[in-house]
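What follows is the residue order along each chain.
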Amino acid sequence: MMWMPLFLILLPLAADGWYFRRHRKAYRYRNLLLTLVAAGDLLPLAGIVLFWLVKDNTSGVVTAAMWIFFAYLLLTLPRMAYYAVRTFGKGRATRILAPIAALGMAGVLIHGAVSGRRTLAVHRVTLRSDRLPEAFDGLRIAQFTDLHIGTLVDPDREMRALVDSLNALRPDLVIFCGDLVNIRYTELDSTAMRLLGGIRSRYGTFSITGNHDTGNYVRDTLSLPPATNIAALVERQRAMGWRVLDNETVYLRRGDDSISLSGISYDRSLARQRHDRTLPGYDFGTTYRDVPQELYNITAAHIPQLWEQILDAGYGDLTLSGHVHSMQCKIRLFGRAFSPAQLMYRHWSGPYEKQGRTLYVNDGIGYVGFPMRIGANPEITLFELRR
């Protein structure tokens, strides 16, 4: 992944060099300006040095790196917008429009960091299936995912707003699809446990683990082995009343009818493949052991790349995933959504249909890498199942 910071450094440096060479007569202090903008371009290098100097990825280090990257974006992207407009010439129109474009880009970034990251969106989805038992007609399921507690800017306020919104929907069932914490289990402290333990529904709150929950990003594994991290995180979830589905299936009953709810734990062996478009043959272990295929099945799987294999196994009338966040950037044009996530994932946001079954990729609540969301608001999805 070293190509990414190199790309982030070299691309704006090249653009700066090109622009200042092209307009070398327009700036009296060209060399000074070029030095200043180059300093902003090198901010990703500061993040790399920070991680190199510290022993472990503490919450403070990760938060500092997140804000360093945001500063890089704020200093770089408006300038790139300015350059893009100026490529059309040196006339009066481009001289007026270029700073407007730069200010507009800066406004978008600031809005994403101030408002976009904490403005919850509730998406209501009605799904119909002849396989759904009559007793479950009208079942309301609330899905949320990717909370990443450790990088929330104002965790108490953001979690309180989340819980209030979930409870206001009065769901029958709540499903959380992984990445509760960002680095280590201690992010789920007593305050977070009290707040998240306040989620209410008829059948309760069910959860699975995601890649950030497994301790994969703890560098000092001697002081906190991955197995210790995940065990402590699961225990804290259970202490606040959540049911953690660890490669297992439970049954929800109404009268004489039942449906199955399966949860797939994130497998640490997928660490290098978690962003791949497709995955090799996956062993679901005990997840579907002795689960009748004739029952309507809901499966929670953190990474959406497992969907086709869930279908091939004969399950997943409704599969719920997260993980992608739409890379926290989604633009809607002409009735369609576009995101950098499309370059990496086949299924990256919203509903997908196949064989009469549905995958829904929720955009998540928290944020990773930079503290903002642009067009990809924190999401709660409320499903209503109908025959």
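A brief structural summary. (Residues numbered from 1 in each chain as written. Predicted model: local features only at pLDDT ≥ 70, side-chain atom pairs only at ≥ 80, totals over all residues. Heavy atoms only, no water.)

**Focus on the nonpolar core**
Generally speaking, a soluble globular protein has its nonpolar side chains buried in company with each other.
Next up, step 1: Of all hydrophobic cores here, the largest spans 27 residues; its most connected members are F144, L147, L180, L188 and L196.
Next up, step 2: Looking at which element gives the most residues to this core, the answer is helix α6 (residues 155-168), with four residues.
Next up, step 3: Setting aside chain neighbours within four positions, we find F144 in contact with L162, L166, V174, I175, F176, C177, I199, W242, N362, I365 and E379.
Next up, step 4: One finds L173, Y203, I208 and L318 within the second-largest nonpolar core, a separate group that totals 25 residues. (Core = buried A, V, L, I, M, F, W, Y, C linked by side-chain atoms within 4.5 Å. Buried < 20%, exposed > 50% of the residue type's maximum accessible area, 1.4 Å probe, protein only. Helix = DSSP H or I, 4+ residues; strand = E, 2+ residues; numbered from the N terminus. Contact = heavy atoms within 4.5 Å.)

**Some thoughts on the packing of helix α3 (residues 43-53) against helix α4 (residues 59-86)**
Next up, step 1: Interhelical geometry of α3 versus α4 gives an angle of 170° and a closest axis separation of 8 Å. Accordingly, the angle class assigned to the pair α3 and α4 is roughly antiparallel. Residues L43, P44, G47, L50 and F51 of α3 pack against V61, A64, A65, I68, A71, Y72 and L75 of α4.
Next up, step 2: Of the residues in the contact of α3 with α4, the class split is eleven nonpolar, one polar and no charged. (Axes fitted to C-alpha atoms, helices over the stretch in contact; angles between N-to-C directions. Parallel < 35°, antiparallel > 145°, perpendicular 65-115°, else oblique. Nonpolar A, V, L, I, M, F, W, Y, C, P; charged D, E, K, R; others polar.)

**Brief notes about the packing of α4 against helix α5 (residues 92-116)**
Next up, step 1: It is the contact of α4 with α5, at a shortest axis distance of 8 Å, that shows an interaxial angle of 155°. Our classification of the angle between α4 and α5 gives roughly antiparallel. Pair α4 / α5 crosses with right-handed handedness. Contacts between α4 and α5 involve F70, L73, L74, L77, P78, A81, Y82, V85 and R86 from the first element and T94, R95, L97, A98, P99, A101, A102, M105, A106, L109, I110 and A113 from the second.
Next up, step 2: Of the residues belonging to the contact of α4 with α5, the class tally is 18 nonpolar, one polar and two charged. (Left-handed = near helix turned anticlockwise from the far one by under 90°.)

**A word on the pairing of strand β2 (residues 140-144)**
Next up, step 1: Counting buried residues along β2, four of its five residues qualify, which places the element largely inside the surrounding structure.
Next up, step 2: Across four bridges, β2 lies against strand β3 (residues 173-176) in parallel orientation. Looking across to β3, one finds that Q143 is bridged to I175.
Next up, step 3: Handedness of the crossover joining β2 and β3 through α6: right-handed. (Pairing = 2+ DSSP bridges. Right-handed = clockwise from strand over helix to strand, strands pointing away.)

**With respect to the pairing of strand β14 (residues 379-386)**
Next up, step 1: Most of β14 sits out of view: six of its eight residues are buried.
Next up, step 2: Here strand β1 (residues 121-128) runs beside β14; their pairing, made up of eight bridges, is parallel. Bridge pairing in β14 links V122 to I380.
Next up, step 3: Examined bridge by bridge, β2 and β14 share four bridges and lie antiparallel to one another. For Q143, the partnering residue across the bridge sits in β14 and is T381.

**Quick look at the sheet that holds β2**
Next up, step 1: Here six strands make up an open sheet; going across it, the order is β1-β14-β2-β3-β4-β5 and the pairing mixed. Bordering the open sheet on either side are β1 and β5 (243-244), each of which pairs with just one other strand.

**Remarks on the sheet that holds strand β12 (residues 350-354)**
Next up, step 1: Spatial strand order, β6-β7-β8-β9-β13-β12: six strands in an open sheet with mixed pairing. Each edge of the open sheet is held by one strand with a lone partner, namely β6 (248-254) and β12. The average undirected angle you get between the axes of adjacent strands in this sheet is 20°.
Next up, step 2: When strand β9 (residues 318-321) meets strand β13 (residues 357-361), the two strands line up parallel, connected through four bridges. Residue pairing in the sheet places S321 in a bridge with V361 of β13.

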